[in-house]
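# Structure assessment
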Amino acid sequence: MAFELACPNHVPALQAVVALATFTIRDEATRDLTAREALLDEAFGPARLLKTCQRLRDGSAPAPGLALVATDCVGGLIGTLRLWPVLAGGRAALLLGPLAVAARARSLGVGGALIRESLARAADLRHRAVLLVGDAPYYARFGFERRFTERLTMPGPVERARFLGLELVDGALSAAQGRVIPASTRALDLPQAA
């Protein structure tokens, strides 16, 4: 999927010359991992690995088909977004994040394009709901609301006002209540046979 993006052709010391070009959103590939980690470090710093949402991602893989990257007109990685399978009070859902956009590409629509594409793909794949911890005014324009997470808890500290949800299917989170856990944890919670 291609989108309009300002792509620098040449940047003199005191002047940025920008030409209109496109950026592309595609599935993340193994070759993107080093650039993705560098982008996440640039955007969030090393403290990103200590956040509550990271606890839900540790030891898991992103949901199939829902690890995306954005690349600029020369193939450089300028954005990343993954969605992860979780259980929200026992209901299947996805956890969005982290979303990161390179400093040179911010305010050009890369983040919004990644979110819209990931939500469309999630709906096409028949996922029912998406959760995140993030800036409420930013994510509200995509339909995320606090009301969907009022009876849910995270496995660590989060600012309640930043804990948001979106139903891809009406009613998907209506009775969801309890803790958000990695989807793979379900097997670990079952009693083990002797």
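Another aspect to go through is the pattern of salt bridges. Close approach of charged atoms allows side chains with opposite charge to pair. Counted under the stated rule, the structure contains nine salt bridges. Residue Asp72 pairs with Arg104 through a salt bridge whose shortest N-O separation is 2.5 Å. Highlighted residues: Asp72 in the loop between β3 (67-71) and β4 (77-88) and Arg104 in the loop between β6 (100-101) and α3 (110-124), separated in sequence by 32 residues. A single salt-bridge network, built from bridges that share partners, covers Glu28, Arg36, Glu37 and Arg82.

Once that is clear, we can look at α3. Over its 15 residues, α3 runs 21 Å from end to end, which matches the ideal 21 Å to within 8%, given 1.5 Å per residue. Among the 15 residues of α3, 11 are classified as buried, and the element is accordingly described as predominantly covered. Considered for burial, the residues of α3 that qualify are Val110, Gly111, Gly112, Ala113, Leu114, Ile115, Glu117, Ser118, Leu119, Arg121 and Ala122. Positive phi shows up at Arg126, right after α3, with a value of about 70°.

Turning our eyes to something else, we now look at the confidence of the model for the protein. The predicted model of the protein averages 85 in pLDDT, with 82% of residues at 70 or higher. With pLDDT under 50 throughout, residues 185-194 is counted as low confidence; its partners more than four residues away or in other chains account for three contacts.

This part takes up the packing of aromatic side chains. Scanning the model with the defined rule gives three aromatic pairs in all. Relative to Phe144, the ring of Tyr139 has its centre 5.9 Å away and its plane inclined at 80°; by these criteria the two rings are edge-to-face. Across this residue pair, the class does not change: Tyr139 and Phe144 are buried. Through pairs of rings, three or more aromatic residues link up here, namely Tyr138, Tyr139, Phe142 and Phe144.

Time to look at the environment of Trp84. Within the secondary structure, Trp84 sits in strand β4. In contact with Trp84, not counting residues within four places along its chain, are Arg57, Ser60, Ala61, Pro62, Ala63, Ala93, Leu94, Leu95 and Gly97.

Here Thr71 lies in strand β3. Residues within four places of Thr71 in sequence aside, it is in contact with Phe23, Thr24, Arg26, Gly76, Leu77 and Ile78.

On to helix α1 (residues 33-44), then. With 12 residues, α1 should cover 16 Å at 1.5 Å per step; its first-to-last C-alpha distance of 16 Å lies within 8% of that length. Taken as a whole, α1 has its buried residues at Arg36, Leu39 and Leu40. The arc that holds every buried residue of α1, seen down its axis, measures 100°, which confines them to one face. Contact partners of the buried residues in α1: β4 and β6.

What follows is about unusual backbone geometry. Outside of glycine, negative phi angles account for most residues, and trans bonds account for most peptide bonds. Omega for the peptide link from Gly97 to Pro98 comes to -5°, which places this bond in the cis form. Note that Pro98 resides in the loop between β5 (91-96) and β6. Not every positive phi belongs to a glycine, and Ser107 is a case in point at roughly 70°. Position of Ser107 among the secondary structure elements: in the loop between β6 and α3. One non-glycine residue, Arg126, lies in the positive phi region at around 70°. With respect to the element layout, Arg126 can be found in the loop between α3 and β7 (129-133). A residue is classified by how much of its surface remains accessible, and Arg126, at 73% relative accessible area, is exposed.

Thresholds applied
- Residues numbered from 1 in each chain as written.
- Predicted model: local features only at pLDDT ≥ 70, side-chain atom pairs only at ≥ 80, totals over all residues.
- Heavy atoms only, no water.
- Salt bridge = Lys/Arg side-chain N within 4 Å of Asp/Glu carboxyl O.
- Helix = DSSP H or I, 4+ residues; strand = E, 2+ residues; numbered from the N terminus.
- Expected span 1.5 Å × (residues − 1).
- Buried < 20%, exposed > 50% of the residue type's maximum accessible area, 1.4 Å probe, protein only.
- pLDDT = per-residue confidence, 0-100.
- Contact = heavy atoms within 4.5 Å.
- Phe/Tyr/Trp six-rings, centres within 6.5 Å; stacked < 30°, edge-to-face > 60°.
- Arc of directions from axis to C-beta.

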